[in-house]
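Structural description and commentary
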Amino acid sequence: NHPNLVNIYDIGGRAGLLWYTMELVKGPNLAQLVEKEGPLQVEKVVRLLRESLSALAQAHAAGLVHRDLKPENMLLEPDGSLRITDFGLARAVSSQTMTSSSGVLLGTVAYLSPEQVERGIADARSDVYATGLVLFEMLTGTKAFTGETPIHVANQHVHGGVPAPSSRV
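Residues numbered from 1 in each chain as written. Predicted model: local features only at pLDDT ≥ 70, side-chain atom pairs only at ≥ 80, totals over all residues. Heavy atoms only, no water.

Observations regarding the confidence of the model for the protein chain
Chain-level pLDDT for the protein chain is 86 on average; 88% of the residues reach the 70-or-more range. Every residue in residues 92–106 scores below 50 in pLDDT, and together they form 40 contacts with partners more than four places removed in sequence or on other chains. (pLDDT = per-residue confidence, 0-100. Contact = heavy atoms within 4.5 Å.)

See below:
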């Protein structure tokens, strides 16, 4: 139970369908905020970054890796505090976890770490990498990597360096 993680209250299933109930967060997500405001003020970025890293540290300490961290999974309360949600791809890990049991690449390509692209392996460092890409987006109002196809974007994570935010703003 961390103030920056959305709580899940119940999990169940019936007739082959799984469900869960979770805490309601009434504010927009971080993607909507950046779309509306463009690059965020540095003070706000630092606060949101600290809140997200604190929440991830607790999840990682509990042995969970988010694996699909992106601005759409970072919700903002009406008071402006950040809450991380959608641990739907999360897995308990000992050191490394395959991206899926079938080897299929999961996650949002704009935020995938190089090791997820190359080897299908995710660990806590993958979440930190994604957080860095979210940081870039908060500072610049743009994604670090874009392309015409998901494969093109994924290859940039492996073969290209993340551009400096100052190259955009």
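Section: the pattern of salt bridges
A full pass over the atoms with the stated rule returns seven salt bridges. Among the salt bridges present, the one from Glu51 reaches Arg47, with a minimum N-O distance of 3.3 Å. One end of the pair, Glu51, and the other, Arg47, are both in helix α2 (residues 42–61), four residues apart, so they sit about a helical turn from each other. Among the residues examined, Glu51 registers a relative accessible area of 15% and is labelled buried. For the salt bridge of Arg83 with Glu77, the shortest nitrogen-to-oxygen distance reads 2.5 Å. Here Arg83 and Glu77 have matching classes, each one buried. Each of Glu23, Glu77 and Arg83 takes part in a single network of salt bridges with overlapping partners. (Salt bridge = Lys/Arg side-chain N within 4 Å of Asp/Glu carboxyl O. Helix = DSSP H or I, 4+ residues; strand = E, 2+ residues; numbered from the N terminus. Buried < 20%, exposed > 50% of the residue type's maximum accessible area, 1.4 Å probe, protein only.)

As for empty space enclosed by the protein
If you walk through the whole model with that rule in mind, you get one cavity of 30 Å³ or more. In this model, the largest cavity occupies a volume close to 50 Å³. Taken together, 11 residues make up the lining of the largest cavity; nearest its centre are Arg67, Asp68, Leu69, Tyr111 and Gln116. When residues in the lining of the largest cavity are grouped by element, the largest group, three residues, is from helix α4 (residues 124–140). Here the residues of the lining of the largest cavity are counted per class, giving four nonpolar, four polar and three charged. (1 Å grid on protein atoms, 1.4 Å probe; cavity = no way out; pocket = protein on both sides within 12 Å on 5 of 7 lines; lining within 4 Å. Points joined across faces, edges and corners; volume = space filled by probe spheres on them. Nonpolar A, V, L, I, M, F, W, Y, C, P; charged D, E, K, R; others polar.)

Topic: unusual backbone geometry
One non-glycine residue, Ala15, lies in positive phi territory at about 55°. Along the chain, Ala15 falls in the loop between β1 (8–14) and β2 (17–22). Even without glycine at this site, Arg67 takes up a positive phi of about 75°. Note on Arg67: relative accessible area 5%, which makes it buried.

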